[in-house]
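Architecture and fold: a report
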Amino acid sequence: MGSRMFGTNGVRGVANEDMCCELALGMGRAVGAILGRRIAVASDPRTSSQMLKGALCAGLMSVGVDVVDLGMIPTPALQHYIRVRGDLDGGVMITASHNPPEFNGIKCVAGDGTECTKEQEDAIEAAYRTGVPTVGWHGIGTLTTEDGAADEYIESVIAGVDADAIRSANLKVVLDCANGCACATSPALLERLGVSAVVINGEPDMRDPAHLSEPTEDNLGELLEEVRNTGADLGIAHDGDADRCVFVTSDGRYVPGDLALAILGRYLVSRNGGGKVVITVATSMVVEDTVGAVGGETVYTAVGSPIVAREMAADGAVFGGEENGGLIFASHQFCRDGAMGLASMLECVVRAGPLSEQLSELPSYTTVKKAVKCPEEFKDRITEEIASNHPDAKVDRTDGLKLLFDDGWVLLRPSGTEPKYRIYSESRDANAAEKRSSEFVDEFEKTLGKLR
Ligand code: MG
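Residues numbered from 1 in each chain as written. Predicted model: local features only at pLDDT ≥ 70, side-chain atom pairs only at ≥ 80, totals over all residues. Heavy atoms only, no water.

**Overview of the sheet that holds strand 6 (residues 103-110)**
- Strand order in this open sheet of seven strands is 1-2-6-5-3-4-7, and the pairing throughout is mixed. The open sheet is flanked by strand 1 (6-7) and strand 7 (143-145), the only strands paired with a single partner.
- When strand 3 (residues 38-43) meets strand 4 (residues 66-72), the two strands line up parallel, connected through five bridges. In the sheet register, Ile 39 faces strand 4, and the bridge partner there is Val 67.
- Of the strands in this sheet, strand 3, strand 4, strand 5 (90-94), strand 6 and strand 7 are in contact with helix 2 (residues 49-62), which crosses strand 3 at around 175°. (Pairing = 2+ DSSP bridges. Helix = DSSP H or I, 4+ residues; strand = E, 2+ residues; numbered from the N terminus. Contact = heavy atoms within 4.5 Å. Axes fitted to C-alpha atoms, helices over the stretch in contact; angles between N-to-C directions.)

**Some words on the environment of Cys 183**
- Following the sequence through the fold, Cys 183 ends up in the loop between strand 8 (172-176) and helix 7 (186-192).
- In this structure, Cys 183 is in contact with Cys 177, Asn 201, Gly 202, Glu 203 and Pro 204, ignoring residues within four places of it in sequence.

**Section: unusual backbone geometry**
- One non-glycine residue, Asn 16, adopts positive backbone phi at about 65°.
- With respect to the helices, strands and loops of the structure, Asn 16 is situated in the loop between strand 2 (10-14) and helix 1 (21-35).
- Judged by relative accessible area, Asn 16 falls into the exposed class, the value being 56%.
- Despite not being glycine, Ala 242 shows a phi value in the positive range, around 55°.
- On the accessibility criterion, Ala 242 (2% relative accessible area) is buried. (Buried < 20%, exposed > 50% of the residue type's maximum accessible area, 1.4 Å probe, protein only.)

Okay, structure coming up:
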């Protein structure tokens, strides 16, 4: 494991290599020491998940924690359970989300159902490193299983949308569960919403998944084809732990995540009669334009869904998310919420028209994304240097360096896990976006050469 165990999405590693039983056992003890005496756990259907969950639970119980095992359910279903119960001190999800099947991970949830803060993660990591003493035999914790969490989550999602309107629309969809956690919830949710669904990759088994569980266009070829072949109104896909949700139009076009944010943001702000939408500085201007056109306000944060979720709560925003399919609905819970994303998009299509038509109304932008190498020791200084080369541009330091121009922007953002910078360039004019992207890659490399 590297210097900091927790990355942007918990602790990740290859099962039985760096993500091993010993680590899960130690993490169980550390979580118990930091979060408290009553902890809920859940897992995705990865080959290593039961093994790691077993070790984690043993660690929790050995320091006196009473554990509630919710089984194989989506991360947002675990978060929903913790928030609604109210008497739990937190939770742990065993999942590597969208990573390849040999990976697994440990993600910690606070007592209010939101993802643990960086401070809580640091405290857990510190306890892991120093070790936590076990309790005497009489103080060992209990383990109970609870089967109802998936159902409670589904019912809560249904209560959060206009289920009657969805039921009377007789929609037909294709759902790709990616052999992951969505198998436990999304097919049942669609059935209860009266939606006729063709489910693909609906077996919860990631030993030999049909495709990688990152819901990108490249990984969803089967879904795009199935939507076209079946004449469905919509295609829907989740990542491995079903906290994210992406969409496909009836003509089999993949909807990039920032366009889904724009469409849902516009719909929810209109329905609410105004309000705020929270996105990150890496998200396309299409969201601000589209939400602004119906009287909504856009707030930008640093990259990271817990940061977006906390800003939404602080601002009283209606909606927020990231362009990778992470959608957060203030009316439901302050975390990425795959099933709520699915149900909200169904309502949006029923009320505001087919997805392909809604897409055609959006302004068009080109975003070019590149990555350049940058040794850790230059990560801070390089953006200072580059900013000083552009005294006329408007500068935004929310996350890395964002330079705003009349027709678009450039974002230079250090990777948290690799010796790299990501360089994003967006413009209404495709040529300008490409040109600026190349110019900034050149400038980055020249500046790095000067610093060396
Ligand atoms: Mg995920």
